[in-house]
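What follows is each chain in one-letter form.
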Amino acid sequence: MRTRTAAAAILLAATLTACGTTPAPDKPAATSSAPELSKTETLAQCVDAIAEAISARPADFDPETDSDPKPPECDDIPEDDYLDVYMDGLQQSNEQ
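Cut-offs used in this document
- Residues numbered from 1 in each chain as written.
- Predicted model: local features only at pLDDT ≥ 70, side-chain atom pairs only at ≥ 80, totals over all residues.
- Heavy atoms only, no water.
- Patch = residues over 30% accessible without salt bridge, like charges linked within 9 Å, V, L, I, M, F, W, Y side chains within 5 Å.
- Areas by Shrake-Rupley, 256 points an atom, 1.4 Å probe, with all protein chains shown as cover.
- Salt bridge = Lys/Arg side-chain N within 4 Å of Asp/Glu carboxyl O.
- Lys, Arg positive; Asp, Glu negative; His and termini not counted.
- Charge placed at Lys NZ, Arg CZ, Asp CG, Glu CD.
- Helix = DSSP H or I, 4+ residues; strand = E, 2+ residues; numbered from the N terminus.
- Buried < 20%, exposed > 50% of the residue type's maximum accessible area, 1.4 Å probe, protein only.
- Phe/Tyr/Trp six-rings, centres within 6.5 Å; stacked < 30°, edge-to-face > 60°.
- Lys NZ or Arg CZ within 6 Å of the ring centre and 35° of its normal.
- Axes fitted to C-alpha atoms, helices over the stretch in contact; angles between N-to-C directions.
- Parallel < 35°, antiparallel > 145°, perpendicular 65-115°, else oblique.
- Left-handed = near helix turned anticlockwise from the far one by under 90°.
- Contact = heavy atoms within 4.5 Å.
- Nonpolar A, V, L, I, M, F, W, Y, C, P; charged D, E, K, R; others polar.
- Disulfide = S-S within 2.5 Å.
- Core = buried A, V, L, I, M, F, W, Y, C linked by side-chain atoms within 4.5 Å.

A.B. asks: Pulling in residues and values, what's your account of a negative patch on the surface?
C.D. replies: There is a patch of like negative charges on the surface, built from Glu36, Asp48, Glu52, Glu73, Asp75 and Asp76. With respect to the helices and strands, Asp48 occurs in helix H2 (residues 39–55). Owing to a relative accessible area of 41%, Asp48 belongs among the partly exposed residues under this scheme.

Below, the structure is given as structure tokens:
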């Protein structure tokens, strides 16, 4: 009988101990230290990057057969808006 009583006491103590513990709080998600840019700022950076890329074309660049790579600044620009932004960058490059 003592074994049953001791086992019951240990089981009760373990149950009470387990119920009394609280899980560690989750760490907050890592956040980027860079602030998010507005859509206007993102478009402006893309236009500037395109203008710079166009200005840096090699001398043997042929617009009929060659293409400009998409700058990384333009990765978040939807395809529907990219042509307009590209044309703005082309115009900006021509004005320089």
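A.B. asks: Pulling in residues and values, what's your account of the packing of aromatic side chains?
C.D. replies: In total, this model carries 1 aromatic pair according to the counting rule given. Residues Tyr82 and Tyr86 carry aromatic rings whose centres are separated by 6.3 Å and whose planes lie at 45° to one another, so their mutual orientation is tilted. Within this pair, Tyr82 and its partner Tyr86 are both found in helix H3 (residues 79–95), separated by 4 residues, close to a single helical turn. The exposure classification of Tyr82 matches that of Tyr86, with both residues buried. The aromatic ring of Tyr82 is capped on one face by Lys70, whose charged end is 4.9 Å from the ring centroid.

A.B. asks: I'd like a rundown of the packing of H2 against H3, residues and numbers included.
C.D. replies: Helix packing for two helices is described by the angle between their axes and how far apart those axes are. Two numbers describe how H2 lies on H3: the axes approach to 8 Å, and their chain directions differ by 55°. Classified by the interaxial angle, the pair formed by H2 and H3 is oblique. Note that H2 runs across H3; the crossing there is right-handed. Where H2 abuts H3, its residues Lys39, Leu43, Cys46, Val47, Asp48, Ile50, Ala51, Ile54 and Ser55 lie against Asp81, Tyr82, Val85, Tyr86, Asp88, Gly89, Leu90, Gln92 and Ser93. Partitioning the contact of H2 with H3 into residue classes produces 10 nonpolar, 4 polar and 4 charged.

A.B. asks: For the state of the cysteines, give the residues involved together with the corresponding values.
C.D. replies: For the structure shown, the criterion picks out 1 disulfide. In this model Cys46 forms its disulfide with Cys74; the gap between the sulfur atoms is 1.9 Å. Taking the torsion about the sulfur-sulfur bond, which here is approximately 105°, the covalent link between Cys46 and Cys74 counts as right-handed. Taken as a pair, Cys46 in helix H2 and Cys74 in the loop between H2 and H3 lie far apart in primary sequence, 28 residues in all.

A.B. asks: Kindly report on the nonpolar core, identifying the contributing residues and their values.
C.D. replies: Counting 9 residues, the largest nonpolar core consists of Cys46, Val47, Ile50, Ile54, Cys74, Ile77, Tyr82, Val85 and Tyr86. Top contributing element to this core by residue count: H2, with 4 residues. When residues no more than four places from it in sequence are discounted, the contact partners of Val47 are Val85, Asp88, Gly89 and Gln92.

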